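Structural overview for review
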Amino acid sequence: MQPEAIDKRSLPQHVAIIMDGNGRWAKERGQDRIYGHHEGVISVRDVVAVAGEIGIQYLTLYAFSTENWNRPKAEVDALMELLVATIRKEVDELHKKNVRMHVIGDFAALPEICQKEMQEAIDITANNTGLNLILALSYSAKWEILNAVKAIAQKAKEGVLNPDDIDETVFHSHLCTHRFPDPELMIRTSGESRISNFLLYQLAYSELYFTPTHWPDFRRAQFLQAIADYQQRERRFGMISEQIQSTK
Ligand code: FPP
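Numbering of residues starts from 1 in each chain and follows the order in which that chain's sequence is written. Local features are withheld for residues below a pLDDT of 70 in this predicted model, meaning they are given only at 70 or higher, and side-chain atom pairs are given and counted only at 80 or more; totals for whole chains, interfaces and linings count all residues. Side-chain calculation: all heavy atoms of the structure are included, whereas hydrogens and water are not.

1. Focus: the overall build of the chain
Counting secondary structure elements, the chain contains eight helices and six strands. The helix and strand sequence of the chain, counted from the amino end, reads β-α-α-β-α-β-α-β-α-α-β-β-α-α. Against the compact-globule benchmark of 18 Å for 248 residues, the chain has a radius of gyration of 19 Å, which places it among compact chains. Dimensions along the principal axes, computed over C-alpha positions, put the chain at roughly 55 × 45 × 35 Å. Remark: exposure states derive from per-residue accessible area (1.4 Å probe, protein chains only) relative to the maximum for the residue type, with buried under 20%, exposed over 50%, and partly exposed in between. Across the 248 residues in the chain, those meeting the buried criterion constitute 47%. Two residues qualify as a contact provided that any one of their heavy atoms is within 4.5 Å of a heavy atom in the partner residue. Taking as baseline every contact in the chain between residues at least 6 positions apart, the subset at least 24 positions apart corresponds to 77%. When the accessible surface of the chain is totalled, it reaches about 12,900 Å², and 51% of it is carbon and sulfur. Where the 28 positive side-chain charges of the chain centre and where its 34 negative ones centre are 3 Å apart. Runs of H or I in DSSP of at least four residues are treated as helices and runs of E of at least two as strands, each being numbered from the N terminus. Put simply, the radius of gyration uses C-alpha atoms, and a globule should come to 2.2 Å times the residue count raised to 0.38. Each accessible area is a Shrake-Rupley result for a 1.4 Å probe, and residues are judged covered by the shown protein chains and nothing else. Counted as positive: Lys and Arg. Counted as negative: Asp and Glu. His and the chain ends are not counted at all. Here the site of a charge means atom NZ of a Lys, CZ of an Arg, CG of an Asp or CD of a Glu.

2. Section: the packing of helix 2 (residues 33–54) against helix 3 (residues 73–96)
At a minimum axis distance of 11 Å, the contact between helix 2 and helix 3 shows a crossing angle of 25°. Considered as vectors, helix 2 and helix 3 are oriented roughly parallel to each other. Where helix 2 crosses over helix 3, the handedness of that crossing is right-handed. Along its contact with helix 2, which presents Arg 33, Ile 34, His 37, His 38, Val 41, Arg 45 and Val 48, the element helix 3 presents Glu 75, Ala 78, Leu 79, Leu 82, Thr 86, Lys 89, Glu 90 and Leu 94. Polarity classes work like this: nonpolar for Ala, Val, Leu, Ile, Met, Phe, Trp, Tyr, Cys and Pro, charged for Asp, Glu, Lys and Arg, and polar for all others, with Gly in that last group. Split into classes, the residues belonging to the contact of helix 2 with helix 3 amount to seven nonpolar, three polar and five charged. Between the N-to-C directions of two axes lies an angle of 0 to 180 degrees, each axis being a line fitted to C-alpha atoms and, for a helix, fitted only over the stretch in contact. Geometric relationships in this document are graded by angle, where less than 35 degrees denotes roughly parallel, more than 145 denotes roughly antiparallel, 65 to 115 denotes roughly perpendicular, and other angles denote oblique. If you view the pair so one helix is near and one far, a crossing is left-handed when the near helix is turned anticlockwise from the far one by less than a right angle, and right-handed when it is turned clockwise.

3. What about the site of the ligand?
Here a residue is near a molecule or strand as soon as one of its heavy atoms is found within 4 Å of it. Residues in contact with the ligand amount to 19 residues; listed here are only the nearest, Met 19, Asp 20, Arg 24, Arg 33 and Arg 71. In protein, a polar contact requires one atom able to donate a hydrogen and another able to accept it; more generally it is a pair of N or O atoms within 3.5 Å, and residues adjacent in sequence count only if both atoms are side-chain atoms. Taking Arg 71, its side chain carries an N or O atom lying 2.8 Å from an oxygen atom of the ligand. Protein chains shield 92% of the accessible area of the ligand, which is 620 Å² for the free molecule. Applying the majority rule of atoms within 2 Å of the grid points places the ligand in the largest pocket. The pocket and cavity definitions rest on a 1 Å grid over protein atoms only: a 1.4 Å probe that fits but cannot leave marks a cavity, an open set with protein on both sides within 12 Å along at least five of seven lines marks a pocket, and residues lining either have an atom within 4 Å of a point. Whether a molecule sits in a cavity or pocket is decided by its atoms, more than half of which must lie within 2 Å of the grid points.

4. Remarks on the packing of helix 2 against helix 7 (residues 220–231)
Running from N to C, helix 2 and helix 7 point in directions that differ by 50°, and their axes come no closer than 9 Å. Relative to helix 7, helix 2 is oriented oblique. Where helix 2 crosses over helix 7, the handedness of that crossing is right-handed. Here Asp 46, Val 47, Ala 49, Val 50, Ala 51, Glu 53 and Ile 54 of helix 2 lie close against helix 7, whose contacting residues are Arg 220, Phe 223, Leu 224 and Ile 227.

5. Thoughts on helix 7
Counted at 1.5 Å a residue, the expected span for helix 7 with its 12 residues is 16 Å, and the 17 Å between its end C-alpha atoms agrees. Burial in helix 7 covers these residues: Phe 223, Leu 224, Ala 226, Ile 227, Ala 228, Tyr 230 and Gln 231. Buried-residue contacts for helix 7 involve strand 1 (14–18), helix 2, strand 2 (58–65), strand 5 (185–188) and strand 6 (207–210). Expected helix span is given by 1.5 Å per residue-to-residue step, counting one fewer step than there are residues.

6. Here we look at a negative patch on the surface
Each patch is built from residues that are more than 30% exposed by relative accessible area and take part in no salt bridge. Like charges join if they lie within 9 Å; nonpolar side chains (Val, Leu, Ile, Met, Phe, Trp, Tyr) join within 5 Å. The term salt bridge refers to a side-chain nitrogen of Lys or Arg lying within 4 Å of a carboxyl oxygen of Asp or Glu. Together, Asp 164, Asp 165, Asp 167 and Glu 168 line one region of the surface with negative charge. By the element assignment, Glu 168 lies in helix 6 (residues 168–173).

7. Topic: the layout of surface pockets
Grid points are joined across faces, edges and corners, and a volume is the space filled by probe spheres set on the points. Estimates place the volume of the largest pocket at around 900 Å³. Lining the largest pocket are 40 residues, with Met 19, Asn 22, Tyr 62, Ala 63 and Phe 64 sitting closest to its centre. Mapped onto the lining of the largest pocket, the elements with two or more residues apiece are helix 1 (22–28), helix 2, strand 2, helix 3 and strand 4 (132–139). The dominant element in the lining of the largest pocket, judged by the number of residues it contributes, is helix 3, at nine residues. Of the residues assigned to the lining of the largest pocket, the class counts are 20 nonpolar, 10 polar and 10 charged.

8. Focus: empty space enclosed by the protein
Taking a probe equal in size to a water molecule and rolling it over the atoms shows the remaining empty space. Using the criterion set out here, one finds one cavity of 30 Å³ or more in the structure. Considered as a void within the structure, the largest cavity measures approximately 50 Å³ in volume. In terms of lining residues, the largest cavity is bounded by His 14, Thr 60, Ile 104, Ile 134, His 172, Thr 177, Phe 180, Pro 181, Asp 182, Pro 183, Leu 199 and Gln 202. Classifying every residue of the lining of the largest cavity gives six nonpolar, five polar and one charged.

9. A short note on the nonpolar core
To qualify as a nonpolar core, a set must consist of buried Ala, Val, Leu, Ile, Met, Phe, Trp, Tyr and Cys residues joined through side-chain atoms within 4.5 Å. Counting residues in each nonpolar core, the largest one holds 44 residues, and the members touching the most others are Ile 17, Leu 59 and Phe 223. Beyond its immediate stretch of four places on either side in the chain, Ile 17 contacts Val 47, Leu 59, Thr 60, Leu 61, Tyr 62, Ile 187, Phe 198, Trp 215 and Phe 223. Counting residues in each nonpolar core, the second largest holds 14 residues, with Tyr 58, Tyr 62, Ile 134 and Met 186 among its members.

Given below as structure tokens:
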């Protein structure tokens, strides 16, 4: 599939991706799981490039979940090293492509070197106006929602916030994604049909796209296919089809 096949007038503003299947992809080839993560980086590069080219404004990648800390130490260390090496290697190219980098998640839980590299990339790209690339690192939606609840409760306790004034806008402003619109499309690779603690609040009305393709095989063509699939869908937000048609 080519970018020309995509209707630029009905693009999702924000696409979120659960990049799954690196380990299985490697195992199928008789390789170490880490090899799968390295190949997964090529898919990240491809998808970031094509998302920017077609005009997607926000791309969130679930790169490391809170639960991923429970993996064998060697794999966690390898993933952190890969993250640092990738950002170090790619930041100039991302900057040239006008990509702005963001991180969501428990930033303080990341190794110091990882925090430093990420912060530098965020600072270097801070004034860019193209694709917003959001890496979810040490992220889980339950962690995020609990943090928001705690912050709101603290403000209520201090008398800064009246509990009667807590509405969707107030709650949303305490999420770590508060600067970004909710994703219209969530993609998960590798055949699992789960959300796995990813953006639980923000995905309330997102279209979900599940593909059996493992992440290292998910490249430009597969991303464009997912966008084309999204463009075939009718988003009703609880209304009926005729109401949606009459607003078009
Ligand atoms: C899921 O595959 C993938 C991850 C937990 C890590 C994703 C990381 C990368 C693609 C590399 C670094 C990313 C960036 C943004 C530079 P899995 O290990 O759960 O695979 P499995 O389900 O087959 O075991």
